[in-house]
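Analysis of the macromolecular model
Next come the chains, spelled out residue by residue.
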Protein chains: 2
Amino acid sequence: MEVLPNIPPEEKDRIVGPLELDADLVEDISALIDADERGMVLNILADLHPADVASITTHLSKDEAQKVLEWLPIETAAELLAELEDDFRSELVNSFSQERLTAMIDELDTDDAADILANLPSEVAERILPELEDSDDVKELLSYEEDTAGGLMAAEFIAVGIDFTVADATEEVRLHADKVQDIFVLFVIDENEQLVGTVNMKRLLLSPAKARIKDIMKSEVVSVTTDVDQEEVARIMERYDLVTLPVIDFEGCLVGRITIDDIVDVIREEAEEDIQRMSGVAGGEEHTDSVLQIVRGRLPWLLAGLFGATLAAVVILFFHESLATAAILAGFIPIVMATAGNAGIQSSAIAVQGLASGDIWATDFKKRLAKEVYVAIVNGMAVATFLGIAIIIYGQFSSVENPLQLAYTAALALLFVIILATTVGATIPLLLDKLGIDPALATGPFITTSNDILGILIFFLLANLLYL
Amino acid sequence: MEVLPNIPPEEKDRIVGPLELDADLVEDISALIDADERGMVLNILADLHPADVASITTHLSKDEAQKVLEWLPIETAAELLAELEDDFRSELVNSFSQERLTAMIDELDTDDAADILANLPSEVAERILPELEDSDDVKELLSYEEDTAGGLMAAEFIAVGIDFTVADATEEVRLHADKVQDIFVLFVIDENEQLVGTVNMKRLLLSPAKARIKDIMKSEVVSVTTDVDQEEVARIMERYDLVTLPVIDFEGCLVGRITIDDIVDVIREEAEEDIQRMSGVAGGEEHTDSVLQIVRGRLPWLLAGLFGATLAAVVILFFHESLATAAILAGFIPIVMATAGNAGIQSSAIAVQGLASGDIWATDFKKRLAKEVYVAIVNGMAVATFLGIAIIIYGQFSSVENPLQLAYTAALALLFVIILATTVGATIPLLLDKLGIDPALATGPFITTSNDILGILIFFLLANLLYL
C-alpha cells in the first residue's frame, strides 16, 4: 500500500455487527478492573466501539470508570468521555489532572468539547478553555444557548470560496481532512463570508479539476440562524431529509454546521421528555439520577393530583345524602373516573402529537374537534350500552332497586362523561400551546384530574335527576 | 459553464429556510384549484420543497389533491406521492391511469417505489410491477417484511470490486450518479459479492487515481441482515452515528443500503406509537383517519378500562356496610385512585423508556426496584402527611367522627398505595418485555386499572381495621 501524504488514517477498524451488551460482560470487566488487570481490560475494550465502551462504563462504579478512563489511550478516552451522560461525566472528570483533561478535550470535535466544558464546574472550565487548540471556536460555541442551533453546531466544516476551482476545493478538503471526519458537502461562501451555496462530494469528485465552484454549486440552501430552537432544527432536517445543515449568524455569515447524528439524539430526547411530561415526571429523569433527584421530579405532580382528587372528594361529599339513599352509587365512582380518564388521555395524546409534528393548526381546530366529538359519541354509546346491560344483568341477581332506571341513568352519564372528557382532552393542549406552554406538560395528570371532577359531578347530578 | 457529460443536473434549487405553512396559504391554494387556475397553482408550488407540497396537499380535499397530482410535472408528482401518508395516497392513486402511475413510480428510488406498491390494491400493484424499469429490484424489496431492514432498504447503492483502482471506482460513481442521489460511502465487495469494506467519498477524492480500493478501504463495517427489526436498525445507526448502513443477505452478499433519513422517520414513528400505546390508542392513529378507524383504535381500551373499573366497583360494593357506617369514606375513593394512578404511571413510563433505550437489563431489576421503592417511600410520606393534615383541618370545621384517627388511617393507606402502585408500575413493563409483549402497550390503562383496584382494596381494609 502506498503511503498518501495528508490523508488521515481511516478510523480504527470496528466490530462487524452491533455488540450484545449484557450484565455478565459488565461483571467480568468490573472484576478485572478491581484486580487491576489493565492489560486484559484494554484488550477487551480495544475491540469495542466507544459507544459500547460508554454503555459498559455507565454500569461500573465511579472508581472503576475512572480507572478505565486513565488506562485508555488518550484518543479513546476522549471519545468515551464524549459518549457519557453529562452527570456521570461531571462526577468522573474531577479526578483528572488539568493536563490530561485538556489533552482529552483537544481530541474531540468542537461541539463535543463545548458540551463537556459547559457541564464542568465553571472554575475548571475557565482554566481549561484558554489551553485548548481550538480555544476561540469552543469559546464561541459556549456563548450560545444549549438548546439552539448555535449550541448544537460544530465549528468543523469545509468552506470554499465562490471563485475556487474544483482543484482548489479538493486541496481545501485535503488540508482539513483530519479535522473534519465526515464530509458530506462543501459550503460555498463569498468574499463577505456569506453562505451562497453548497457542492456535494459526488459532484466535486466527478467535476474536472478546472471547473469553477460557482458553476457547479447548488445556489439555494436551507440554513438556520444560531438562535433557532433545537426542536425546530430537528423538524427542518427531518422534513427536508438533510444530513448536514449550515448555521449562519444574523449577518448571514457561515458559522457552523449541524450533522444528523446530533439531531437523532435530539429527536430521541424530545420524545422521551414528552412521554415523561405526559406521565407526570418533570425535569428529564435519568437512570443514573439519585433518589432525591427522582423525588424532585415526581412529587410535585403527585401533590397536584392529590389536590385535584380532593376537589373530586368534595363533590362526592356534597352528594353524601344521595349515597346514603343508594349506596350502589359509590360503585360508579371508579367507573366514571376510569372512563373519563382514559377517554381524555386518548384524545389529548393525539392532540399533543399533532401539535408536536405541526400537523394541527389552530385554524384546523373546529374540524378536529368535530371529529373528536363524533368519535366520542360512537365510543360513548358503545361503552354506555355495555355498562347498561351489565347493570340490568346484575339487577337480576341482587336487590338493587329499579335496575332498569339505574341502567339508563348510568349509561347516559357515561355517554356525557366520554363526550366531555374527549372534548377537554382535545382542547386543553391547543389552549396551552396558544399560551406558549408545552402541551405535553399538562396532558397527563392535569386533564385526568379535571375530567375526574367533571365526570363525578355529571354522574351525581344525573343520578339525582333520573334515579333517586 | 462547461457542460459535463454524465454529471446529473443538481436537484432543482430550493427555498432558503423552511416554509411557514399555515391555513391561509392552504385556503388560497384550495380556492385557486377549485377555480382551475392551473398556472397560478403550479407557480406557487414550483418554489416549494416536495415535503411542503405534501403538507399542503394533505389538507386539501381528495378532488383537489388529485388535480394537483395531475397538473404537476411527472418528477415532482412522483416526489409528492412519496411524501404523502399511505392511506391518503391509496385514496388518490385510484384515479390515475396505469401509465401515469407507472411513470410516476419509475421516477422514485426503489425503496419508495416498493412502499407505494405495497400499499396499493394488489391487483393494481401486480399490473404495474412488471412495467417498472427496476422491476426486479422492486420485486425483491417487496418480498421483505415492511418493518425489517429488508423492507427499509433501497437497492440504490454503489458497489465497487476489491480489485478496482480509485479511477475505476470514480467511473463507477459517474455511471450511477443520476440513479444514486446521495453518495456517502462506496461499498466494497469481493468476487462472491460479499461485503468486505467501505470507502468514504473524502478518501476517494483525496486518493491518487491509481491507488487500489483494497489498500484504502476500511475493512470492517457494521452491517445488518435483511431480517433485522427496524427498531434494532434505528438503535444501531443511532448508537454508532451512521449515515448509511449496508444490508446483507444470509450469505453475506450486499443487497441494499439504509439511509439515516429513513431511520429518522422510524424513530419518530416508534416514539409516537409508544405515546399512543401508553395512552390507550392502538394501531397508530393518523390525523387523516376516519371516525370509524379512530373508534377501532380507541374503543377496545375504553372497554378494557370499563371492565377493570367494574372490578373496582365490586370491591367498593363489597364494603357497602363500611360506607353506610361512615359516608365520608366515599370521598377517599378518588384520592386513592388518582394517587395510585399517577404514581404507577410515573414509574412505568420510566421503566418503558429504560427498556426501549436498552438502559435497563433484567439483571438490573433488583437495584432498579429498590430505588423505586425508596422514591415511593419518600413521595408516599410527603403525600400522606399533606392528606393527614388536610383531614385534621377539615375535622375542625365539620362533624367528622374521630378526625385524628381518620387522618392516620388515610395517610397510612395512601403511603401503602403509593409504594404498591410504584412497584407495580416498575415491574409490569419488565415482565411484559420478558414475555415478548411491547411494554408500552399495557402501561397506561392496564397499570392504572390494576392500581385502582388494589388501591381501593387496601384503603377499605385499613379503614375497617383502624377506623371503623
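Residues numbered from 1 in each chain as written. Chains lettered and ligands numbered in written order. Predicted model: local features only at pLDDT ≥ 70, side-chain atom pairs only at ≥ 80, totals over all residues.

1. Considerations on helix α15 (residues 230-239) of chain B
Basically, it comes down to this: For the exposure call, what matters is how many other C-beta atoms sit within 10 Å of a residue's own: 20 or more marks it buried, 12 or fewer exposed, and in between partly exposed, using C-beta atoms placed from the backbone. Numbering of helices and strands runs from the N terminus; a helix is a DSSP stretch of H or I covering at least four residues, while a strand is a stretch of E covering at least two. Think of it this way: build a C-beta for each residue from its backbone, and any pair within 7 Å is a contact.
Turning to α15(B), its buried residues number three or more, namely B:Q230, B:V233, B:A234, B:I236, B:M237 and B:E238. Against the buried residues of α15(B) lie α16 (260-278) of chain A together with α11 (149-152), β4 (224-225), β5 (244-248), β6 (254-259) and α16 (260-278) of chain B.

2. Quick notes on the sheet that holds strand β5 (residues 244-248) of chain A
Residues and elements named next belong to chain A. We count it as follows: For two strands to be treated as a pair, DSSP must find at least two bridges joining them. Working convention: axes come from line fits to C-alpha atoms, limited for helices to the stretch in contact. Angles between N-to-C directions cover 0 to 180 degrees.
As summarised here, the arrangement of the three strands in space is β4-β5-β6, forming an open sheet in which the pairing is mixed. Strand pairing shows two members of the sheet lacking a second neighbour, β4 (224-225) and β6 (254-259), which therefore form its edges. In terms of strand pairing, β5 meets β6 through five bridges, oriented antiparallel. Paired with T244 across the bridge in β6 is T259. Packed on one face of the sheet, helix α15 (residues 230-239) meets β4, β5 and β6 and runs near 135 degrees to β5.

3. Some details on the environment of A:L142
Residue and element names in this part refer to chain A. Mapping L142 onto the fold places it in helix α10 (residues 135-142). Spatially, the C-alpha atom of L142 lies 8.9 Å from that of D111, the residues being 31 residues apart in sequence. Once you skip the residues sitting within four places of it in the chain, L142 turns out to touch A114, L117 and A118.

4. Description of the relation of the copies chain B and chain A
Applicable threshold: A least-squares superposition brings the copies together, and it is based on the C-alpha atoms of residues with pLDDT no lower than 70 in both.
You can overlay chain B on chain A at an RMSD of 0.2 Å; the transform is a turn of 180 degrees with a shift of 0.1 Å along its axis. In the structure described here, the two chain copies are related by an operation that fits a two-fold rotation axis.

5. A few points about the interface of chain B and chain A
Worth spelling out the cut-off: Residues are grouped as follows: nonpolar covers Ala, Val, Leu, Ile, Met, Phe, Trp, Tyr, Cys and Pro; charged covers Asp, Glu, Lys and Arg; every other residue, Gly included, is treated as polar.
With 117 residues of chain B at the contact, the number on the chain A side is 118 residues. It is helix α17 (residues 291-318) of chain B that provides the largest number of residues to the side of chain B that touches chain A, a total of 17 residues. Residue composition of the side of chain B that touches chain A, grouped by class: 69 nonpolar, 24 polar and 24 charged.

6. Focus on unusual backbone geometry
Residues and elements named next belong to chain B. Located in the positive-phi region is D36, a residue other than glycine, with phi close to 55 degrees. Relative to the assigned elements, D36 resides in the loop between α1 (23-34) and α2 (38-46). Look at E193: it is not a glycine, yet its phi comes out positive at around 65 degrees. Position of E193 relative to the elements: it lies in the loop between β2 (185-189) and β3 (195-200).

7. Some details on the packing of helix α20 (residues 365-397) of chain A against helix α21 (residues 403-434) of chain A
All names here are of chain A. Using the following cut-off: Should an angle fall under 35 degrees it is taken as roughly parallel, and over 145 as roughly antiparallel, whereas 65 to 115 is taken as roughly perpendicular and any remaining angle as oblique. Whether a crossing is left-handed or right-handed is set by the direction in which the near helix is turned from the far one by less than a right angle, anticlockwise for left-handed and clockwise for right-handed.
Two elements in contact, α20 and α21, have axes separated by 7 Å at closest approach and are oriented at 155 degrees. It follows from the interaxial angle that α20 and α21 lie roughly antiparallel. Note on packing geometry: the crossing formed by α20 with α21 is right-handed. Classifying every residue of the contact of α20 with α21 by side-chain character gives 26 nonpolar, seven polar and two charged.

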